[in-house]
Amino acid sequence: MQKDFILDLINNNNECEWIEFKENWFNPEQLGEYISSLSNGAALKGQPYGYFIWGVQDKTRTIVGTSFNYQIDYKKEPLENYLARNLNPSIHFKFEDYKELGLVVLKIPCAEKYPTSFNGKRFLRIDSSKACLNDYPYREVDLFKILSEGKPSLIKEESNNQELTFGGLLTYYASKGIYLNNDTYKKNLKLITNDKYNKLAELLSDQNPYTFRISTFAGKTKADVLYSVKDYGYKCILLSLEEILSYFEAINIPQADEENRKVERLETLLFDPDAIREAIVNAVVHNKWIDGNAPQIAVFTDRIEILSHGGIPFGQTQKGFLLGESKPVNNELSDIFLQLHISERTGRGVPTIIKAFGEKSIRFEDSFIIVTIPYNFINSINTSVVSIGTGVKNEGIKEGITEGIKLYLNRNQERILNEIRNNPNITTIMLVNKLNVSDATVERALAFLKKNSIIKRIGSNKTGYWEVLK
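All figures in this text were calculated on a predicted structure; none of them were measured in a lab. (Residues numbered from 1 in each chain as written. Predicted model: local features only at pLDDT ≥ 70, side-chain atom pairs only at ≥ 80, totals over all residues. Heavy atoms only, no water.)

Novice: I'd like a description of the nonpolar core, backed by residues and values.
Specialist: Nonpolar side chains in soluble globular proteins tend to be buried together. Judged by nonpolar contacts, the single largest core of 58 residues is most densely connected at Leu 169, Leu 238, Phe 248, Trp 289 and Ile 304. Per-element accounting of this core gives the leading share, eight residues, to helix H9 (residues 273-286). Look past the residues within four positions of Leu 169 in its chain and what remains in contact with it is Tyr 185, Leu 189, Leu 191, Leu 204, Cys 236 and Leu 238. Residues Cys 16, Ile 53, Leu 133 and Leu 143 belong to the second largest nonpolar core, which totals 26 residues. (Core = buried A, V, L, I, M, F, W, Y, C linked by side-chain atoms within 4.5 Å. Buried < 20%, exposed > 50% of the residue type's maximum accessible area, 1.4 Å probe, protein only. Helix = DSSP H or I, 4+ residues; strand = E, 2+ residues; numbered from the N terminus. Contact = heavy atoms within 4.5 Å.)

Put into structure tokens, the structure is as follows:
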């Protein structure tokens, strides 16, 4: 083991099914039980090894050093012999000294074929506690299934629907210039296991039961009013993904920087298009679909958050993830994305996001990962706020939400609204000339203000006038 790997385990992981931290604790019989539990826990979580680390304060994960000595006798025999003799099946655990760090590490192989027992009893980690496996029959069933069949995957799990069609999949491939053979594509794409459609087939079918939800909030937290909800799904996942990417491309508003402009007007997109594409594609490829959850996207007034379920891929550390080490969660789905050039296995996705926004833009939890894409406001905007809730249902606002919503205007929208307030008869051409912006910029801003019932056009475009509603 390398020192950097151990430090990564300590700094980026809490105690869990396959990791235990202690300072100087020592109880030979309980240590054997811990070996059993960490070995079984590693197998359950798809990790190749479990780790017992001495010299770490478990709550703070501060390295404090240890006086623990594993090279001692217990009941007149070497400790290692005593532990090995009472483990069944036999596993090749190993103590390692990291004297420069003040640590002792016990590296424990995951269980294979049969659960690891100590003194005839099988143990497992439940959260951060050691427990007898017999007391948790559902976990015991899961562990035996994994040991006999391997970790669940999209091609191992049978689809709930065996009446699947693939018109959308065939159309998508054709749009990329790839024409699938009707007689062989199901086998070649691994959509069938034991003569039955699997979960991968379900995802790629016209009857895909999953839907992506994009929730937009009128503030910076989920406690703020829910402005709108958009669902993309119930079709081939490739088509849903295209729709989502197109949606974010459409709302990525170019902002014109009018400050200190001399000759050419510079435009800056609201958010980084490469970063958000990588974040969304990664969320789809690495999502733990077999748990029945689709990725979720939340849009706030200062950022976009993309959540994928399942946490870090099995056998990978946070450091490796951030460096771009490619370990697909769903190998077969990843192969299809690679074939279609939707993604690649160069590991550039996460580094692209980190280069733009830093490591803090990626948050790790035990069961999910959240990527945050902040907005790139250019003129310290979002200072102009318009209330659009007066008890009257407004066009463009989700039905049933009529109170308390605040809508933040960008600089061009704010300037145009002020010009309309000063001169209700102002025309589009006059706004273009007065603000020195493009026709498209004015049209986009007017459409936004009208859609959200901030302004209203009274009469025709030639002889009418503007009415400010808020």
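So much for the structure itself; the text now carries on.
Novice: Provide a residue-level description of the confidence of the model for the protein, including the pertinent values.
Specialist: On average, the protein scores 85 in pLDDT, and the residues at 70 or more come to 88%. Predicted confidence for residues 387-406 stays below pLDDT 50, and this span has 53 contacts to residues more than four positions away or in other chains. (pLDDT = per-residue confidence, 0-100.)

Novice: Please set out the pairing of strand E15 (residues 211-217) residue by residue, giving values where relevant.
Specialist: Each regular strand shows side chains that alternate between the opposite faces of the sheet. Across the seven residues that make up E15, a large majority, five, are buried. Across four bridges, E15 lies against strand E19 (residues 296-299) in parallel orientation. Its bridge partner lying in E19, Ile 214 is registered against Ile 297. (Pairing = 2+ DSSP bridges.)

Novice: Residues and numbers for helix H4 (residues 137-149), please.
Specialist: If you check H4, its first and last C-alpha atoms are 18 Å apart, about what 13 residues at 1.5 Å a residue would give, namely 18 Å. The set of residues buried in H4 consists of Glu 140, Leu 143, Ile 146 and Leu 147. The buried side chains of H4 occupy one side of the element, clustering within an arc of 130 degrees when seen end-on. In this structure, H4 carries Tyr 138, Val 141, Ser 148 and Glu 149 as exposed residues pointing more than 90 degrees from its buried face. Summarising the contacts, the buried residues of H4 are in contact with helix H2 (28-44) and strand E11 (121-126). A positive backbone phi angle near 90 degrees is found at Gly 150, which sits one or two residues after H4. (Expected span 1.5 Å × (residues − 1). Arc of directions from axis to C-beta.)

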